[in-house]
Amino acid sequence: MAVEKGRIVLVGRTGAGKSTLVNMLVKGDLTLPHLAVMGNGLHGTTKTCETFVGRGWTVIDTMGFGEPDTGSVSNTSAQKLVIDFLKNVKGRYSHIIFVIEKGRCDLVTEIIWNTFRQIFKGGEKNFVVLYTKTDDEWFQENLEEIKKEFPDCKQFLYVDFPEIDPELEEENSESRMSERDRLESELTRMFEGSWVEPDIFRMGDAEIEKKAENILEYIAKLIKKYGRTALQNSVTIFVAVVELVNIFAGGF
Ligand SMILES: Nc1nc2c(ncn2[C@@H]2O[C@H](COP(=O)(O)OP(=O)(O)OP(=O)(O)O)[C@@H](O)[C@H]2O)c(=O)[nH]1
Ligand SMILES: [Mg+2]
């Protein structure tokens, strides 16, 4: 059995590259069949939280936030969605990772980041912001700016795991492997042996339900603060935002 390297939860916007990270860490490459289904980045691909174990890692993949769902969501199903999510991500972690695609730092990302902070309150010490689809040059150039965007996070990483393209595979497969090894050694170096238990870890069902309610209220408040511009991107965090605003904040 492989030595235990860590237990990671991945959260972020649709298409950020969470399931790609699962495949690289748990399976080790992007050859078919994938362990975690990867999408085209436009619509939510991963629909539920799922745990993958392999190569020493345990990784919890979650559904992407931020793209619209079809249909409307009732008050009870909004609650249920968040309650289920919290129950699924409730755990002890070596790394709590916010996955973000390079250049996608906008209002929607900000709302999702703030929601992430609420969900994993108490686990801040092991927060990591991980940029995907980028390289060292971009990362170094933007690091100061990035640190300002995420003031309560102390650890930042980047990776580039391009999907399989038969014409570029000779070069890409090698660079993917070295990216994977670099990522793994940085992850290992970061929080060796220091795991965290976010507040939700100890919560029973009743407390989780209360927390879900608080999170929905919090999101509704943020949306209200940011106003309609956020909505123009058809924002959905957990559920249709319009619904949320109506449910908790009495509309615009
Ligand atoms: N070039 C490049 N492409 C990437 C990288 N990570 C992911 N992609 C591509 O981005 C798209 C979306 O990747 P996924 O891993 O499915 O993203 P996700 O975050 O799991 O998306 P949801 O399940 O919808 O939340 C796919 O086409 C991936 O091949 C990366 O580091 N570099
Ligand atoms: Mg996914």
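Look above for the structure.
Model, not experiment: these values are computed from the prediction.

Glancing now at the site of ligand 1. Taken together, 23 residues are adjacent to ligand 1, and Lys18, Thr20, Gly39, Asp160 and Phe161 come closest. Here an oxygen atom of ligand 1 and a backbone polar atom of Gly17 are 2.9 Å apart. One of the backbone N or O atoms of Ser19 is found 2.9 Å from an oxygen atom in ligand 1. Surface burial for ligand 1 is 92%, taken as the share of its 660 Å² of free accessible area covered by protein chains. Here the shell around ligand 1 takes 3 residues from helix α1 (residues 18-27), the largest share from any one element.

For the rest of this paragraph, the subject is unusual backbone geometry. Generally, phi is negative for residues other than glycine and the peptide bonds are trans, each holding for most cases. In this structure, Pro33 follows Leu32 across a cis peptide bond, with omega equal to -10°. The topology assignment puts Pro33 in the loop between α1 and β2 (50-54). Positive phi values are uncommon outside glycine, yet Lys133 reaches one of about 60°. Its location among the elements puts Lys133 in the loop between β5 (127-132) and α4 (136-149).

Once that is clear, we can look at the nonpolar core. Ranked by internal contacts, the top residues of the largest apolar core, which has 40 residues, are Val89, Phe120, Val129 and Phe150. At the level of secondary structure, the elements contributing two or more residues to this core comprise β1 (6-12), α2 (75-89), β4 (95-101), α3 (107-119), β5, α4, β6 (155-158) and α6 (205-226). Among the elements that take part in this core, α2 stands out by supplying 6 residues, more than any other. If you look at the next biggest cluster of nonpolar residues, it comprises 24 residues, including Leu10, Leu30, Ala36 and Phe191.

The coordination sphere of the magnesium ion (ligand 2) contains the protein donors Ser19 (OG) and Thr46 (OG1), at a distance range of 2.0 to 2.1 Å. In this pair, Ser19 sits in helix α1 while Thr46 sits in the loop between α1 and β2, placing the two residues 27 residues apart along the sequence. Across the pair, Thr46 and Ser19 agree in class, each one buried.

Take the side chain of Glu179 next. Take Glu179: it is sitting in helix α5 (residues 169-190). The exposure class assigned to Glu179 is buried, which follows from its relative accessible area of 14%. Among the polar contacts listed, one links the side chain of Glu179 to the backbone nitrogen of Asp160, at a separation of 2.8 Å.

It is worth spelling out the environment of Arg55 at this point. Along the chain, the position of Arg55 falls in the loop between β2 and β3 (57-61). For the pair Arg55 and Leu25, spaced 30 residues apart in sequence, the C-alpha to C-alpha distance is 7.1 Å.

Let us look at the sheet that holds β2. In spatial order, the strands read β2-β3-β1-β4-β5-β6; together these 6 strands make up an open sheet with mixed pairing. Each having just a single partner strand, β2 and β6 make up the two edges of the open sheet. Ignoring strand direction, the axes of neighbouring strands in this sheet form an average angle of 25°. In terms of strand pairing, β2 meets β3 through 5 bridges, oriented antiparallel. When the bridges of β3 are listed, Glu50 appears paired with Asp61. Across the sheet, α4 lies against β5 and β6, angled at about 155° from β6, the strand it touches most.

Quick look at α1 now. With respect to burial, α1 is a largely interior element, 9 of its 10 residues being buried. Listed in full, the buried residues belonging to α1 are Lys18, Ser19, Thr20, Leu21, Val22, Asn23, Met24, Leu25 and Val26. In this structure, the buried side of α1 is in contact with β1, β2, β3, β4, β5 and α5. Looking one or two residues past α1, Gly28 carries a phi angle of roughly 105°, positive in sign.

The rules behind the values
Per chain, residue numbering runs from 1 following the sequence as it is written. For this description, chains carry letters from A and ligands carry numbers from 1, given in the order in which they are written. A pLDDT threshold of at least 70 governs which residues receive local features in this predicted model, and a stricter bar of 80 or more applies before side-chain atom pairs are shown or counted, although totals over entire chains, interfaces and linings include all residues. With hydrogens and water set aside, each side-chain value is computed from the structure's full complement of heavy atoms. Distances are taken per atom, and a residue is near a molecule or strand as soon as one of its heavy atoms is within 4 Å of it. Within 3.5 Å is the distance limit for a polar contact, defined as a pair of N or O atoms, with the added protein rule that one can donate a hydrogen and the other accept it, and that residues adjacent in sequence qualify only through two side-chain atoms. Areas reported as accessible are Shrake-Rupley estimates using a 1.4 Å probe. Residue values count occlusion only from the protein chains shown. A run of DSSP states H or I qualifies as a helix once it reaches four residues; a run of E qualifies as a strand once it reaches two. Both are numbered from the N-terminal end. Among buried residues, those of type Ala, Val, Leu, Ile, Met, Phe, Trp, Tyr and Cys that are joined through side-chain atoms within 4.5 Å constitute a nonpolar core. The classification of residues rests on relative accessible area computed with a 1.4 Å probe and restricted to protein chains. Under 20% of the type maximum is buried, over 50% is exposed, and intermediate values are partly exposed. Metal sites are built from N, O and S donor atoms within 2.8 Å, or 3.2 Å for Na, K and Ca, and they leave out water, so they may look incomplete. We call two strands paired when DSSP finds no fewer than two bridges between them. Note on method: axes are straight lines fitted to C-alpha atoms, helices fitted across the in-contact stretch only, with angles between N-to-C directions ranging 0 to 180 degrees. Here a residue-residue contact requires only that any non-hydrogen atoms of the pair lie within 4.5 Å.

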